[in-house]
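Listed below are the residues making up each chain.
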Amino acid sequence: MERKKGMKRFPLPLIITVLVLISLHAPLVLLVVNSFNASRFGGEWEGFTLKWYEKLWQANEVWESMLVTLKIATSATLASMILGTLAALALHRCRSWLQTAHHTLITLPLALPDILMGMSLLAMFVALGVETGMLTLWIAHTTFCLSYVTMVVLARLQDFDFTLLDAARDLGASRWQATRRVLLPLLLPGILAGGLLAFTLSIDDYVITFFVSGPGTTTLPLRVASMMKTSRALPMINALSTLMIACTFILAAVSFRLQRRNRAA
Amino acid sequence: MSKPNRQELLLSAPSMGWLIVFFALPCLLTLTLAFHQSDLRGGVAAGWTWDTVNSLADPLYLPVVWRTLWISTVTTLLCLALALPMCWCLARLTPRWRNAMLLLVVLPFLTNFLIRIFAWRSLLHPEGPVKQLLVWLHLVGDDVLLLNNAGAVLVVMIYTQLPFAILPLYASVEKFDFTLIHAAHDLGASGWRAFRRVFLPGVRQGIISAAIIVFVSSLGQYVIPQFIGGTGDEMIGNKIVQRAFTDRNLPLACALAGALLLCVMVPVLIMAWRERKV
């Protein structure tokens, strides 16, 4: 009763919330609707069609970009999962001056705008004479994913009961056995959740990728950007967007499941 | 504070080494490159000079810096103005509804950044639905352009930054004791007065972190002005990209990035200092 009374007395926040939620989703709904619209510019509805999906299917360069994106995302996710898990363990277990520096190094990339990381990595690669391409992309993506994975695993470690490790040691397990058979399986949902976040961020990244990609390593966001410059390709972006939005929803559902199962365990 | 032992060194070495080589050193390099000049082949000339840093005083850059600052400030203020009532509302819902609403806030944010910008381009397109609606309502004339101006940049900036404001703010609103609002009402305060005098001071921490996060990430923005704005709406980020890729003048790009880095470090250090205090 009390709660309802408060709402009624102050309906403005509710109105704002509903309006903001509508405007958050309206642009995306428009994309999905337009991807089935026969009209080229989507000004008005000219009938249902799948021809934009057909055109997209035939656009080889889009699928090549998809392949590059997936390669980079997978390799950067794996590398950042390993580095991030080690970093989280060090940050959680140790309390020396070294970890203060470590913590600063992990959190600073989260705070700085992406353009600075892109520009400084480009400056380094140019100064060292390294050709931009797959390798530089992998390095850049691993670097920005690392901090996010560390933060997610670190949050999981807060709930981890480290006496379990002592128990395993008391029962005769070596340090390595205790880590592999007790710590890693229990930490796995956290590591996977971090990896999923890294994967999403890597696929999504435009700014840093723009700085360090080279010829032949056009990722999907870079491809969308170049498609946006030619009006012929615009309806195809609607179709591509719809597919990507669908993928995002599936990934979000998986990670939601993963977290809920983890909470139940 | 203890001394690090061997196990700690082994655990910390991989990630620390990676971040020193691929994050800290490049940042320092950017700052030092600003004190060189470019050579004719798009590389970096040997020898130290103040010329590149001095060329930042060019009247070309001053309006850009000013625009970057005001667009970021207005984005921050408007994001807070929307996020505050939203968080107030979310916190007062039942947990079931609250989680559903939070999911609705985060979902569009998970969609590819460039696709969200593209969506706004089609939304604000001269033949797009927003324009048609506004013309139908007689709010704008037929010849008004909604795209390629500072207003459009602001709208899309707010659209992309809003979750960055809502999430930290919500974290602190969730801890706010709403019985204080009832107490204020019982003592005769109006809804607005209770909001301003009890709620706002109560969630001050969240407001400050939300503001810093939104402001910092707005400062470095260049994709939105590039795709949504006109030629007169460029921010520092656009200049960095132009110097690095169009002019192939790496030292000047580094000098601009260095200036941005210094601008950004002020709010970031304030945030770090506050966190340590808490």
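This text follows the structure it describes.
What you see is a predicted model, and the numbers here were worked out from it, not measured in a lab.

### As for the environment of Q205(B)
And step 1. Examined against the element boundaries, Q205(B) turns out to sit in helix α10 (residues 204-219).
And step 2. Look at Q205(B) and you get partly exposed, because its relative accessible area is 40%.

### Section: the interface of chain B and chain A
And step 1. In this assembly, 81 residues from chain B lie in contact with 78 residues from chain A.
And step 2. Carbon and sulfur atoms supply 80% of the area that chain B and chain A bury against each other, a total of about 7600 Å² over both sides.
And step 3. When the buried area of chain B at its contact with chain A is split by residue, W18(B), F23(B) and F118(B) rank highest and sum to 10% of it.
And step 4. At the surface where chain B touches chain A, the tally comes to zero salt bridges.
And step 5. Run the count over chain B and chain A and you get nine residue pairs in polar contact (both at pLDDT 80 or more).

### A look at the nonpolar core
In summary, soluble globular proteins display a tendency toward joint burial of nonpolar side chains.
And step 1. With 155 residues, the main nonpolar core has I115(A), M119(A), Y206(A), I117(B), F199(B) and V223(B) as its most contacted residues.
And step 2. Among the elements that line this core, the one with the most residues is helix α7 (residues 150-173) of chain B, at 13 residues.

### Quick look at the layout of surface pockets
And step 1. A volume near 800 Å³ is recorded for the second largest pocket.
And step 2. What lines the second largest pocket is a set of 27 residues, and nearest its centre among them are R175(A), T179(A), L183(A), Q7(B) and L11(B).
And step 3. Of all the elements in the fold, those that place two or more residues in the lining of the second largest pocket are α4 (60-93), α8 (163-170) and α9 (175-204) of chain A together with α1 (6-33) of chain B.
And step 4. Classifying every residue of the lining of the second largest pocket gives 14 nonpolar, five polar and eight charged.

### What to know about the packing of α4(A) against α9(A)
Residue and element names in this part refer to chain A.
And step 1. Put simply, α4 and α9 touch, their axes get as near as 8 Å, and they point 135 degrees apart. With respect to α9, the axis of α4 lies oblique. Two packed elements cross with a definite hand, and for α4 against α9 that hand is right-handed. Touching T69, L70, I72, A73, T74, T77, S80, M81, T85 and L89 of α4 are L183, L187, I191, L192, G195, A198, F199, S202 and I203, all from α9.
And step 2. Its residues placed into classes, the contact of α4 with α9 shows 12 nonpolar, seven polar and no charged.

### Some words on the side chain of E8(B)
And step 1. Topologically, E8(B) is positioned in helix α1.
And step 2. For the buried E8(B), no salt bridge exists, and the shortest N-O distance to an oppositely charged side chain is 8.4 Å, to R95(A).
And step 3. A polar atom in the side chain of E8(B) sits 2.6 Å from the side chain of S96(A).

### Things to note about helix α2 (residues 12-34) of chain A
Residue and element names in this part refer to chain A.
And step 1. Between its terminal C-alpha atoms α2 stretches 33 Å, which fits the 33 Å expected from 23 residues at 1.5 Å a residue.
And step 2. Where α2 bends most, the angle comes to about 35 degrees, and this point is A26, followed within four residues by the proline P27.
And step 3. Of all the positions in α2, only P13, T17, V20, L21, L24, H25, P27, L28, L30, L31 and N34 are classed as buried.

### Examining the pattern of salt bridges
And step 1. Under the defined criterion, the tally for this structure stands at three salt bridges over all chains.
And step 2. Here D247(B) makes a salt bridge to R243(B), at a shortest N to O gap of 2.5 Å.

### Focus: a nonpolar patch on the surface
Residue and element names in this part refer to chain A.
And step 1. A grouping of L12, L14, I15, V18, L19 and I22 is seen on the molecular surface, where their side chains present a nonpolar patch of about 550 Å² in accessible area.
And step 2. Within the secondary structure, L14 is located in helix α2.
And step 3. Exposure remark for L14: the relative accessible area of 36% places this residue in the partly exposed category.

### Looking at the state of the cysteines
Residue and element names in this part refer to chain B.
And step 1. The tally for this structure, following the rule as stated, stands at zero disulfides over all chains.
And step 2. C254 provides the cysteine sulfur closest to C27, a residue in no disulfide bond, and the two sulfurs are 11 Å apart.
And step 3. Under the relative-accessibility criterion, C27 is labelled buried at 13%.

### Thoughts on a positive patch on the surface
All names here are of chain A.
And step 1. A cluster of basic residues, R40, K51, K55 and R232, forms a positive patch on the protein surface.
And step 2. One can find K51 in helix α3 (residues 51-58).
And step 3. In this structure K51 comes out as partly exposed when scored by relative accessible area, which is 37%.

### A short note on the packing of α4(A) against helix α11 (residues 220-227) of chain A
What describes two packed helices is the angle between their axes and the distance between those same axes.
All names here are of chain A.
And step 1. Closest axis-to-axis distance for the α4/α11 pair is 8 Å, and the angle between their directions is 150 degrees. Considering the angle they form, α4 stands roughly antiparallel to α11. In this structure, α4 contributes E61, V62, S65, M66 and T69 to the contact, and α11 contributes L220, P221, R223 and M227.
And step 2. Here the residues of the contact of α4 with α11 sort into five nonpolar, two polar and two charged.

Calculation notes
Residues numbered from 1 in each chain as written. Chains lettered and ligands numbered in written order. Predicted model: local features only at pLDDT ≥ 70, side-chain atom pairs only at ≥ 80, totals over all residues. Heavy atoms only, no water. Helix = DSSP H or I, 4+ residues; strand = E, 2+ residues; numbered from the N terminus. Buried < 20%, exposed > 50% of the residue type's maximum accessible area, 1.4 Å probe, protein only. Contact = heavy atoms within 4.5 Å. Buried area = accessible area lost by both parts, 1.4 Å probe. Salt bridge = Lys/Arg side-chain N within 4 Å of Asp/Glu carboxyl O. Polar contact = N/O pair within 3.5 Å; in protein donor to acceptor, adjacent residues only side chain to side chain. Core = buried A, V, L, I, M, F, W, Y, C linked by side-chain atoms within 4.5 Å. 1 Å grid on protein atoms, 1.4 Å probe; cavity = no way out; pocket = protein on both sides within 12 Å on 5 of 7 lines; lining within 4 Å. Points joined across faces, edges and corners; volume = space filled by probe spheres on them. Nonpolar A, V, L, I, M, F, W, Y, C, P; charged D, E, K, R; others polar. Axes fitted to C-alpha atoms, helices over the stretch in contact; angles between N-to-C directions. Parallel < 35°, antiparallel > 145°, perpendicular 65-115°, else oblique. Left-handed = near helix turned anticlockwise from the far one by under 90°. Lys, Arg positive; Asp, Glu negative; His and termini not counted. Expected span 1.5 Å × (residues − 1). Bend = angle between axes of the 7 residues up to and from the residue. Patch = residues over 30% accessible without salt bridge, like charges linked within 9 Å, V, L, I, M, F, W, Y side chains within 5 Å. Areas by Shrake-Rupley, 256 points an atom, 1.4 Å probe, with all protein chains shown as cover. Disulfide = S-S within 2.5 Å. Charge placed at Lys NZ, Arg CZ, Asp CG, Glu CD.

Read these as geometric descriptors, not functional statements.
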